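This is what each chain is made of:
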Amino acid sequence: MPPSGGHSRVGGNPGIIIINAEGTKQTFSLQSKNLLLTAQSRGRLQILRMSNNIKAGLYIHIPFCLSKCAYCSFYSIKSSKLIPDYLAALHKEIKFYSKSFNSFDTIYIGGGTPSLLSCDQLASIFSAIHKTYKITTDAEITLEANPGDISQDFLKTLRSMGINRLNIGIQSFDDKLLKFLGRRHSSREAIAAIDQARQAGFDNLGIDLIYGVHGNGIKSWKNTLLKAVRFLPEHISCYQLSLDTKTPLYKTYKHSGFSLPDEKIQAKFFMTTSEFLEDEGYIHYEVSNFARNKHLQSRHNMKYWRHVPYLGLGPGAHSFLDQKRWWNKSSVRNYLKEIGAGKMPLENYEQLSLAQLQLEALFLGLRTKAGIDLRFYQQKYGMDLLAEKRPIIEILRENKLVKLELGFLVPTRKGLAVADSLALI
Ligand code: SF4
């Protein structure tokens, strides 16, 4: 459950100018026809105002976990002592951007473990969001939850707050594998969480699963998928276990040398997952993501894949607007320190060149079943892909990795399996 970032698409001149307490000026130049800039003083920060009619996505990061899962390399802290201070700082950061972003049609509360917060704490975040921004009436509002943290009353309260999508980190229905992964919950709790979510009225439920775990062969993984689809989740994310060298699982791997699937087996897991879930009626709409129909695809995540603006708040969160990407300091303490001093908690930012945007759009587009709308790509990024990349596209087509369909360059299932290398064209 990584902190996400945002991007934005605009075209004019100056953009957001942030002047911090030391008087250092950082300029985020924005280029958009639908951009309106006005100066606004915010205490010790000064932010130029951007107003546009693009519906951006809002990501809020909750960087706390009760314990660390053995495979997890995402930043989060175990101590919950800092939660009250963190929420106070988050409220300030929510307000920082009040004149830069004005309207959101997706909100994603991710982590970390957002379901560690109490209903009152979550309500205070939503209250700050609603006081500051316009949230469209049809907004997709997602919260990530871990089984074992949630009760029916908690979930009912979430529904009453307007949270209409719940994503549960199930990972596996096998207690041995859950233990191996260092998850806090049991398979019984995972099933109970799904039942409770349904009873609380969640009709848009996503579950996360992990494959390629030691001891979980293809047959056992198919069994996991079979169990999952019996609950008819609207959305399923299937991630392959990867071993980051900083994780406890990597240390176990080094010491015990447990087996990991080789490339061929990994490809088999991928194809089996895709075939199985599509046979069950799911759309394999992105490398790791499946939805029961196109309206149930994650609207929030689609913004990341389509270069739509988004604002990420909290430690490590990324934001994207036009050709700029900026991200926050990842440590909670540093985040608190910066906000306490009246500064933006920025770690850094980058100005993406047109060539970088073209490559990103290619990379992200080929990770989705929808693929790349060639006419739109040319309008937005100024490149006629078919004309400029024809030889390589032909090779990819001959190898059945992509196809051309009604003006779209679309990855095949085999292409999705190697999506990360497709964009190298
Ligand atoms: S719950 Fe586990 S996997 Fe999720 S962020 Fe916390 S430690 Fe990582």
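Counting restarts for each chain: residues are numbered from 1 in the order of the written sequence. Totals for whole chains, interfaces and linings use all residues, but because this is a predicted model, local features are given only for residues with pLDDT of at least 70 and pairs of side-chain atoms are given and counted only at 80 or more.

1. A closer look at the overall build of the chain
Item 1. Each helix and strand in the chain was counted, giving 16 helices and 19 strands.
Item 2. Counting other C-beta atoms within 10 Å of a residue's own tells you its class, since 20 or more makes it buried, 12 or fewer makes it exposed, and anything in between is partly exposed; those C-beta atoms are placed from the backbone. Counting the 425 residues in the chain, one finds 43% classified as buried.
Item 3. A pair of residues counts as a contact when their C-beta atoms, built from backbone coordinates, are separated by no more than 7 Å. Within the chain, residue pairs in contact and separated by at least 24 positions form 69% of the contacts whose partners lie at least 6 positions apart. The helix and strand labels rest on DSSP assignments: H or I over at least four residues marks a helix, E over at least two residues marks a strand, and numbering proceeds from the N terminus.

2. Regarding the packing of helix α1 (residues 83-96) against helix α2 (residues 119-132)
Item 1. Interaxial distance between α1 and α2 falls to 9 Å at its minimum, and their mutual angle equals 10 degrees. What the angle tells us is that α1 and α2 run roughly parallel. Mapping the contact onto sequence places I83, L87, L90, H91, I94 and K95 in α1 and Q121, S124, I125, A128, I129 and T132 in α2.
Item 2. Of the residues contributing to the contact of α1 with α2, the split by class is seven nonpolar, four polar and one charged. To get an axis, a line is fitted to the C-alpha atoms, and for a helix only the part in contact is used. The angle between two axes follows their N-to-C directions and goes from 0 to 180 degrees. Orientation labels follow simple angle bins: below 35 degrees gives roughly parallel, above 145 gives roughly antiparallel, 65 to 115 gives roughly perpendicular, and whatever is left gives oblique. Any residue that is not Ala, Val, Leu, Ile, Met, Phe, Trp, Tyr, Cys, Pro, Asp, Glu, Lys or Arg is counted as polar, Gly included; the first ten are nonpolar and the last four charged.

3. A look at the environment of S353
Item 1. Mapped onto the secondary structure, S353 falls in the loop between β16 (346-351) and α11 (354-365).
Item 2. A tally of 10 C-beta atoms within 10 Å means that S353 is categorised as exposed.
Item 3. The spacing of S353 and Q323 is 30 residues in sequence and 7.2 Å in space, taken between C-alpha atoms.

4. As for the environment of A88
Item 1. Summarising the element assignment, A88 is placed in helix α1.
Item 2. On the neighbour-count criterion, A88 (13 C-beta atoms within 10 Å) is partly exposed.
Item 3. In this structure, the C-alpha to C-alpha distance between A88 and G340, residues 252 residues apart in sequence, is 9.7 Å.

5. Looking at the environment of K324
Item 1. Relative to the helices and strands, K324 is located in strand β15 (residues 324-328).
Item 2. Considered as a pair, K324 and L352 are 28 residues apart in the sequence and their alpha carbons are 6.0 Å apart.

6. Side note on unusual backbone geometry
Item 1. The amide bond that connects G111 to the next residue, G112, takes the cis arrangement and shows omega of 20 degrees.
Item 2. Secondary-structure assignment places G112 in the loop between β6 (103-111) and α2.
Item 3. A positive phi angle is found at L232, which is not glycine, with a value near 50 degrees.
Item 4. Positionally, L232 belongs in the loop between α6 (218-230) and β10 (235-240).
Item 5. Of note, the phi angle at H307 is positive, near 55 degrees, even though the residue is not glycine.
Item 6. In this structure, H307 sits in the loop between α9 (299-305) and β13 (310-313).

7. Topic: the pairing of strand β18 (residues 402-405)
Item 1. Pairing analysis gives four bridges linking β18 to strand β19 (residues 408-411), with the strands arranged antiparallel. Within β19, the position partnered with K403 by the bridge is V410.
Item 2. Paired strands, in this sense, are two strands between which DSSP finds at least two bridges. A loop of two residues connects β18 with β19, the two strands running antiparallel in sequence, and L406 in this loop sits at a positive phi of about 50 degrees.

8. Details of the nonpolar core
Item 1. Here a nonpolar core is just a set of buried residues of the types Ala, Val, Leu, Ile, Met, Phe, Trp, Tyr and Cys, joined wherever their C-beta atoms sit within 7 Å. Judged by nonpolar contacts, the single largest core of 84 residues is most densely connected at L58, I107, I168, A197, L209, Y211 and I236.
Item 2. I236 has contacts with G206, I207, L209, A228, L277, Y282 and F290, leaving out every residue within four places of it along the chain.
Item 3. Ranked by size, the runner-up nonpolar core spans 10 residues in total, among them L366, I372, L409 and L422.

9. Considerations on the sheet that holds β19
Item 1. Across the sheet, three strands lie side by side as β17-β19-β18; this open sheet has antiparallel pairing. Each having just a single partner strand, β17 (372-373) and β18 make up the two edges of the open sheet.

10. Some points on helix α8 (residues 263-279)
Item 1. For a helix, the expected span equals 1.5 Å multiplied by the number of residues minus one. Helix length check: α8 (17 residues) gives 24 Å between terminal C-alpha atoms against 24 Å at 1.5 Å per residue, within 8%.
Item 2. Buried within α8 we find F269, F270, T273 and L277. All buried residues of α8 lie within an arc of 95 degrees about the axis, which places them on one face of the element. Exposed positions of α8 whose direction lies more than 90 degrees from the buried face are K264, E275 and D279.
Item 3. The secondary structure elements touched by the buried residues of α8 are β9 (205-211), α6, β10, β11 (283-286), β12 (289-291) and α15 (413-417). What the arc covers is the set of directions going from the helix axis to the C-beta atoms.

11. Quick look at the packing of α6 against α8
Item 1. Interhelical geometry of α6 versus α8 gives an angle of 30 degrees and a closest axis separation of 11 Å. One finds that α6 runs roughly parallel with respect to α8. Along this stretch, α6 crosses α8, giving a crossing that reads as right-handed. Within the contact between the two elements, α6 uses I218, W221, K222 and L225 and α8 uses K268, F269, T272, T273, F276 and L277.
Item 2. Residues belonging to the contact of α6 with α8 are distributed by class as follows: six nonpolar, two polar and two charged. Here a crossing is called left-handed whenever its near helix is offset anticlockwise from the far helix by less than a right angle, and right-handed whenever the offset is clockwise.

12. Brief notes about the confidence of the model for the chain
Item 1. Looking at the chain, pLDDT values average 87 and 87% of them are 70 or higher.
Item 2. Residue range residues 1-51 is modelled with pLDDT below 50. Its contacts to residues more than four positions away, or to other chains, number 148 contacts. What pLDDT expresses is the predictor's confidence in each residue, scored from 0 to 100.

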